[in-house]
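# Structural description and commentary
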Amino acid sequence: MLRISQYLRAIAGHAPAPRAAVPGSTRAPVVIWNLLRRCNLTCKHCYATSTDTHFRGELDTSEALAVIDELHAAGVKVLVLSGGEPLMRPDCLELARYAASKGFYVALSTNGTLIDEANIGEINAVGFDYVGISIDGLQPIHDAFRQMQGAFATSMQAVSLCRENNIRVGLRTTLTRHNYPQLPALLDMMREYDVQKYYLSHLNYSGRGKRSRNVDADMAMTRNAMTQIFERAWQDIERGIETDFVSGNNDADAILLLQWVEERFPQHREQLEKMLRAWGGNASGAGVVNIDNVGDVHPDTYWWQHTVGNVRQRAFRDIWFDQPDPLLPQLRQHPRRIGGRCGQCRWLPICNGNTRTRAWAEGDLWGEDPGCYLSDTEIGIAFSESAVEARDS
């Protein structure tokens, strides 16, 4: 995840540089936990391929509480509760309260359709540090992509209820060809609804997202969308508005941000490059981990095709630190050993090879990421007009 606003506030002198671990080091990760796989929606980009049905073998309450204890013992500080739709799990708020009592930063990742007047008080009482609500376009686009009429209105009502109860809330959008034209309106909604955070996710080719890759935004759209995000983030900094813009699933965004700063504020370019090198890019298998609904552990949420352990069978510390699966040390190399354009890229120490699951979807885990939108010239390799035309076609 690229914390755009934090870096821009740092170069503006309004905040210290974001704290960064040594790239490639073994550290307690951010844990994204799919508490269940069931969901009341069937979104076209769902990496978990969720649907409204019961999935067998999921961790029960006592097992889930024990996992929270294991994560705490392993030094984990940040816990994101996800799904499916986590609020469909009867003990979701019980688990969240327990995690909060242990001192975790606890976030809820939800589609928002199950937040209403009847449960907002209980949700507020948990003390979530953050509630992220997915909005994938204005009403017609959002409802079509999430395959539920009325989903947009219900989710935006959840945003309003969260803000009325002083819950920090964010909008999360997966960029596609369909919602790209609506991005300015989605960003305007932040002000209209007093939203503190906006997360732009690039499409990852996993689960139903692999089948939806034909609607992925093209390279020009992606670059323009990111530039809009940079501009909005800087506007808010200038106006003293405390918002947080972030992006995920395409670490090439960091290089585009560096270029944007070089053009707008060349005196800060060197400072930003140092911070981005300290950040180190893609952190799958190092700074982030996923636990799925049956306790399988994955390098991140898009890696359900590969399991590195199961919390029913081994302690989390053992899975992550003491006896890691052979894939994890490979992912923790910095920079990673990657082929194709990524291997030749001069920005590999910043990006770290971008998202490996997109490369895997192309047939080579250690090949180039097809989602990189930077030109050969920008990444410092020999310019090939035919190669660029083939990549952009």
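All values reported here derive from a predicted model rather than from experimental measurement. (Residues numbered from 1 in each chain as written. Predicted model: local features only at pLDDT ≥ 70, side-chain atom pairs only at ≥ 80, totals over all residues. Heavy atoms only, no water.)

Moving on, we come to the nonpolar core. Core analysis: the largest hydrophobic core is formed by 96 residues, its most contacted members being Leu-8, Trp-33, Phe-128, Tyr-198 and Leu-257. Here this core gets nine residues from one element, more than from any other, and that element is helix H9 (residues 219-239). The residues touching Trp-33, leaving out its near neighbours within four places in the chain, are Leu-59, Ala-64, Val-67, Ile-68, Leu-79, Val-80, Leu-81, Ser-82, Ile-291 and Asp-292. (Core = buried A, V, L, I, M, F, W, Y, C linked by side-chain atoms within 4.5 Å. Buried < 20%, exposed > 50% of the residue type's maximum accessible area, 1.4 Å probe, protein only. Helix = DSSP H or I, 4+ residues; strand = E, 2+ residues; numbered from the N terminus. Contact = heavy atoms within 4.5 Å.)

The next thing to look at is the confidence of the model for the chain. For the chain, the mean per-residue pLDDT works out to 91, and 92% of the residues sit at or above 70. Every residue in residues 384-388 scores below 50 in pLDDT, and together they form four contacts with partners more than four places removed in sequence or on other chains. (pLDDT = per-residue confidence, 0-100.)

Before going further, it helps to spend a moment on the pairing of strand S8 (residues 244-248). Among the five residues in S8, five count as buried, and that is most of the element. Burial of S8 is two-sided: the residues Asp-244, Val-246 and Gly-248 facing one way and the residues Phe-245 and Ser-247 facing the other way are all buried. Note that strand S1 (residues 2-3) and S8 share two bridges and pair antiparallel. Paired with Leu-2 across the two strands is Ser-247, which belongs to S8. Sheet topology places strand S7 (residues 197-201) next to S8; five bridges connect them, and they run parallel. The residue bridging Tyr-199 from the neighbouring strand is Val-246, located in S8. (Pairing = 2+ DSSP bridges.)

A separate point is the pairing of S7. Counting buried positions over the five residues of S7 gives five, a clear majority of the element. Residues Lys-197, Tyr-199 and Ser-201 of S7 are buried on one face, and the alternating residues Tyr-198 and Leu-200, pointing to the opposite face, are buried as well. In this sheet, S7 lies alongside strand S6 (residues 169-174) in parallel orientation, the contact comprising five bridges. Bridging across to S7, Thr-173 finds its partner in Leu-200.

Let us now look at the side chain of Arg-356. By the element assignment, Arg-356 lies in helix H16 (residues 356-361). Asp-369 is the oppositely charged side chain nearest to the buried, salt-bridge-free Arg-356, at an N-O distance of 5.3 Å. Polar contacts involving the side chain of Arg-356 include one to the main-chain carbonyl oxygen of Leu-365, which spans 2.7 Å. Residues within four places of Arg-356 in sequence aside, it is in contact with Trp-303, Leu-331, Arg-336, Ile-338, Cys-342, Leu-365, Trp-366, Gly-367, Glu-368 and Asp-369. (Lys, Arg positive; Asp, Glu negative; His and termini not counted. Salt bridge = Lys/Arg side-chain N within 4 Å of Asp/Glu carboxyl O. Polar contact = N/O pair within 3.5 Å; in protein donor to acceptor, adjacent residues only side chain to side chain.)

Take the packing of aromatic side chains next. In this structure the tally under the stated criterion is six aromatic pairs. A centroid spacing of 5.3 Å and a plane angle of 70 degrees characterise the contact between Trp-303 and Trp-360, whose relative ring orientation is edge-to-face. Linking Trp-303 in the loop between strand S10 (296-298) and strand S11 (309-310) with Trp-360 in helix H16, this pair joins segments that are 57 residues apart in sequence. Residue class for Trp-303 comes out buried when judged on its relative accessible area of 0%. Since its relative accessible area comes to 30%, Trp-360 is described here as partly exposed. Plain terms: the ring middles of Phe-316 and Trp-320 are 6.0 Å apart, the flat faces sit at 10 degrees to each other, and that makes the pair stacked. Within this pair, Phe-316 and its partner Trp-320 are both found in helix H12 (residues 316-322), separated by four residues, close to a single helical turn. Assigned by exposure class, Phe-316 and Trp-320 land together as buried. The rings of Phe-230, Trp-234, Trp-260 and Phe-265 are connected pair by pair, giving a single aromatic cluster. (Phe/Tyr/Trp six-rings, centres within 6.5 Å; stacked < 30°, edge-to-face > 60°.)

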